[in-house]
Amino acid sequence: MGKASRKKREQRARRVASDGSKGVPGGDDPQALGDAAIARLLCVNDPDNFSLAAAYACGYGVLGLTQQEGTAPYWYQQIDPLDALFLGAMHSRETFADELLFANARDAWLRLLRGTVHGKAIERFVREAVALSAELGLPLDNGKLMLALVGRLEAAGLDRRRLPKRLLPEVALRGSRVISGPSPDMRLPDPPAEAEERIKRFWKSKDDAWWGEDTPQAILRAGLRRFHDAGLPVRKESGALLPALYAALLANPGEPLDDIGKHAWAWALSLDEKSPLVPVLDILLVAPELGMSVSDTLGCLFTVPAFTRPIPSETLLWTSSPGLALPRMAFELGVAVVDTRAGSITPDMLDRAGTQARMHISCAARGAEDDIEQMDGSEDPEWVRGEPDERWAERREAVREAVQRKVRGKCDRSGGAPHRGDGPAETIWNADGSSVTRLSAGTRKLLELQVDSFRQKFGREPGPGDPLIFDLDASEPTPITREDIDRMMLDMAGMAEELGIDPVFFHAGREVGYMVTEENQDMFTKAEVLAYSRAVARLRQDGE
């Protein structure tokens, strides 16, 4: 987009924002203050030298403009204040065609600012948004709150420090891995001398006890077994390797196989370039494009130390969706809960919220696919498209599409990712992001006992709105709160030693939001199991 076109769009965004202020009373009304702040910030805005407050005001204006024009991508409805800030900081003002690319770029940009004075300003931004949400009693992604936040940011002084052009996303992220994928100059390592023997052992190894293993090698092997059972040619197509690793590590039961390839690619690019897992993922990304066989790809992987070492903990939580960066950062700053239009989120709910967001947006994308193809401004920004090696970008897209075709071509379109069998309960995700829980016979028996307890406590049958897990001290059926559960876990931890149980299991459960045992591990993804087991190990170490 040229300077003249960009200026015209900014002027239209300014008019949309100022039109919203007409007829709005002044005084201390937060929205009126937000309207007035938008007018001031956009009038003094220098596209090459944003303040955070001005970038956010511009992002808010662009949201209003695209809604007014009917050009808003389907995933804009999930955007929250931190997303709007990133949107406003993008110099080009063009929209991303893919919500995962948008979120990955947003997260990479935030990582670049972390630890700098501008990163501190981002933290202040998050604190102000959370505080305003609590004061107004509105979700963080509510339109009224997002408008009122403009005035709040100005009052907090976030209109004073400028973001230099070199830190604006289109400059800071140009050529980065998150945008362009592995370097075109990447040289694959030569397989080790014993590669053939190690590959044979890889295929012969059984994964009956794989829940106790935490290396990419073991997780990939388990994923390939599942894909083999689903009819995929896992020994012939190197394009199945990355989706298999993702499916075994992060995919929830019920996640459509149509989405596995796309999500695997996006997850692989979402990681910090400094992550030790990146060399593993880069091999999996380029192998199909280079026409490598599965054996040759595995041979290369065996030269990377990270392939046979415990998978890094930071790869276990994937929140690359609009609306999730702000809650994640808020939790890092010590906030206990954030409210969104989808509901309240606590730290242990981030993984589920990520799954829900991705599946909801994927469902919306399938429903709006025809409209998106004709949507004005739906291509990736110029700074994403304009890579030095255009052929590499084209090959990257071809590989991603090929992976998706291979994964979905062998499986029923409505089927879910292969899962691990029956456990006490299993969450089945619907395509729209909603879910239902299927219970085993043993779990149903426990619920029947809980119904009996309800009858004894209240002298009647439980009704449709009555909680089955209730406060035993309340005179009326009252749901147990998170605080109640925390107290119960602490009480159980206090009694654990008398029962011959390590109390650290309960403390780890409080930390991650669930407890994993041999009996219920099938309820969870591999990433969730690892997160819990590592919390147990860390707490044990801290207690020594």
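About the thresholds
Residues numbered from 1 in each chain as written. Predicted model: local features only at pLDDT ≥ 70, side-chain atom pairs only at ≥ 80, totals over all residues. Heavy atoms only, no water. pLDDT = per-residue confidence, 0-100. Helix = DSSP H or I, 4+ residues; strand = E, 2+ residues; numbered from the N terminus. Contact = heavy atoms within 4.5 Å. Buried < 20%, exposed > 50% of the residue type's maximum accessible area, 1.4 Å probe, protein only. Polar contact = N/O pair within 3.5 Å; in protein donor to acceptor, adjacent residues only side chain to side chain. Expected span 1.5 Å × (residues − 1). Salt bridge = Lys/Arg side-chain N within 4 Å of Asp/Glu carboxyl O. Phe/Tyr/Trp six-rings, centres within 6.5 Å; stacked < 30°, edge-to-face > 60°. Lys NZ or Arg CZ within 6 Å of the ring centre and 35° of its normal. Core = buried A, V, L, I, M, F, W, Y, C linked by side-chain atoms within 4.5 Å. Axes fitted to C-alpha atoms, helices over the stretch in contact; angles between N-to-C directions. Parallel < 35°, antiparallel > 145°, perpendicular 65-115°, else oblique. Left-handed = near helix turned anticlockwise from the far one by under 90°. Nonpolar A, V, L, I, M, F, W, Y, C, P; charged D, E, K, R; others polar.

A. Highlighting the confidence of the model for the protein chain. Mean pLDDT over the protein chain works out to 78, with 74% of the residues at or above the 70 mark. Looking at the elements of the protein chain, mean pLDDT is at its lowest for helix H18 (residues 369-374), recorded as 43, and at its highest for helix H14 (residues 278-286), recorded as 96. Across residues 1-6, where pLDDT falls below 50, the model places seven contacts with residues more than four positions away in sequence or in other chains. Ignoring residues within four places in sequence, the model shows residues 369-378, a span with pLDDT below 50, making 11 contacts including any to other chains.

B. Focus on helix H4 (residues 81-89). H4 sits mainly inside the fold: nine of its nine residues count as buried. Here H4 starts with a cap whose side-chain oxygen sits 3.2 Å from the backbone nitrogen of Leu 82, and that cap is Asp 80.

C. Spatial organisation of helix H13 (residues 257-270). Taking 1.5 Å of rise per residue, the 14 residues of H13 would be expected to cover 20 Å, and the 20 Å separating its terminal C-alpha atoms lies within 8% of that figure. Summarising burial for H13: 14 of the 14 residues are buried, a large majority.

D. Representation of the environment of Gly 137 in the model. Topologically, Gly 137 is positioned in the loop between helix H6 (117-136) and helix H7 (143-155). Classification of Gly 137 as exposed rests on a relative accessible area of 60%. With 202 residues separating them along the chain, Gly 137 and Asp 339 place their C-alpha atoms 8.8 Å apart.

E. View of the pattern of salt bridges. Going through the model one piece at a time under the given rule, you end up with 19 salt bridges. Across the salt bridge formed by Arg 152 and Glu 128, the nearest N and O atoms sit 2.6 Å from each other. With Arg 152 in helix H7 and Glu 128 in helix H6, the pair connects residues that are 24 residues apart, well separated along the chain. Residue Arg 152 is classed as partly exposed on the basis of its relative accessible area of 22%. In this structure, a network of salt bridges that share partners links the residues Arg 124, Glu 128, Glu 135 and Arg 152.

F. Representation of the packing of aromatic side chains in the model. Taken as a whole, this structure holds 10 aromatic pairs when the rule is applied. Residues Tyr 56 and Phe 125 carry aromatic rings whose centres are separated by 5.5 Å and whose planes lie at 70° to one another, so their mutual orientation is edge-to-face. With Tyr 56 in helix H3 (residues 52-69) and Phe 125 in helix H6, this pair connects stretches of sequence that are 69 residues apart. Pair check on accessibility: Tyr 56 and Phe 125 agree, each one buried. Three or more aromatic residues joined by ring pairs make a cluster, and in this case those are Trp 75, Tyr 76, Phe 86, Phe 102 and Trp 109. The ring of Phe 202 is capped by Arg 221, whose NZ or CZ atom sits 5.5 Å from the centre of that ring.

G. Spotlight on the nonpolar core. Counting 67 residues, the largest nonpolar core has Tyr 56, Leu 82 and Phe 125 as the members making the most contacts within it. Looking at this core element by element, the count peaks at nine residues for H3. Not counting residues within four places of it along the chain, the set of residues in contact with Leu 82 comprises Leu 110, Ile 122, Phe 125, Val 126, Ala 325 and Leu 326. By size, the runner-up hydrophobic cluster in this structure holds 54 residues, among which are Leu 100, Tyr 246, Met 292 and Phe 307.

H. Highlighting the side chain of Ser 238. Within the fold, Ser 238 resides in the loop between helix H11 (216-229) and helix H12 (241-249). Its relative accessible area of 5% is what places Ser 238 among the buried residues. Among residues more than four places away in sequence, those in contact with Ser 238 are Ala 287, Pro 288, Met 292, Ser 293, Val 294 and Thr 297.

I. Examining the packing of H6 against H7 more closely. It is at 10 Å that the axes of H6 and H7 come closest, and there the two elements cross at 125°. Looking at the two axes, H6 sits oblique to H7. Seen from above, H6 lies across H7 with right-handed handedness. The residues of H7 that touch H6, namely those facing Phe 125, Glu 128, Ala 129, Ala 131, Leu 132, Ser 133, Glu 135 and Leu 136, are Leu 145, Ala 148, Leu 149, Arg 152 and Leu 153. Its residues assigned to classes, the contact of H6 with H7 comprises nine nonpolar, one polar and three charged.

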